[in-house]
Amino acid sequence: MHFELLHESHTHRLLDFENQNRAYFERFISPRETSFYSESGVSCHISALTNSESTTAFLLIEGERIVARANIKNLIHNEHAEIGYRVSQSDTGKGVASVCVQFLIKQAAQFNLKYLCAYVMDNNRASEKVLKRNGFHLELCLPNKFTHQGKCLHGYKYLRNFQSFF
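1. Digging into the environment of Ile-61
- Secondary-structure assignment places Ile-61 in strand β2 (residues 56-62).
- Measuring from C-alpha to C-alpha, the distance between Ile-61 and Gly-84 comes to 17 Å, with 23 residues separating the pair along the chain.
- Not counting chain neighbours up to four residues away, the residues in contact with Ile-61 comprise Met-1, His-2, Glu-4, Arg-13, Ile-66 and Val-67.

2. Observations concerning the environment of Glu-26
- Turning to its location among the elements, Glu-26 is positioned in helix α1 (residues 11-26).
- On a C-alpha basis, the gap between Glu-26 and Ala-48 in space is 22 Å, while along the polypeptide they are 22 residues apart.
- With near-sequence residues (within four places) excluded, Glu-26 lies in contact with Pro-31, Arg-32, Tyr-37, His-148 and Gln-149.

3. Considering the side chain of Asp-91
- Looking at the element boundaries, Asp-91 is found in the loop between β4 (80-87) and α3 (96-108).
- Looking at Asp-91, its side chain comes within polar contact range of the side chain of Arg-65, at 2.8 Å.
- Those residues within four positions of Asp-91 in sequence are excluded, and the remaining contacts are Arg-65, Val-67 and Val-96.

Calculation notes
- Residues numbered from 1 in each chain as written.
- Predicted model: local features only at pLDDT ≥ 70, side-chain atom pairs only at ≥ 80, totals over all residues.
- Heavy atoms only, no water.
- Helix = DSSP H or I, 4+ residues; strand = E, 2+ residues; numbered from the N terminus.
- Contact = heavy atoms within 4.5 Å.
- Polar contact = N/O pair within 3.5 Å; in protein donor to acceptor, adjacent residues only side chain to side chain.

Right, here's the structure in full:
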């Protein structure tokens, strides 16, 4: 497995990845707009990410298959950034999320950040465990911050001090 910077050439594989895992992802996060799930929708998404100064997006590839997505977003140089990741359903429980988080931490080192953050809803305990295992600590509880599938859910903000990365 290896990481690649997201590029327009990934459009077809990313559309396949998102379509194959759509129902799984929507168990934990809000659904994307229906228009996203088309070649032009994914192409616009990739273009927006690759042209953003505050987001860097990567794909974890095995052979020709996308295993996971990993992003550094809302980047404020010399301050902080947020990380996020999506692991295919067939690759959960194999340490892939930890590989993504560790990779993002190493990538973030080049930005001179004070800290990284990640947000998790209380329906996703697996992501909380991954963050804790990789040096993040609970910073803030956001009671009833999110509505997902008709339910109010708490959100949690996790932080990792950049000084403790290495």
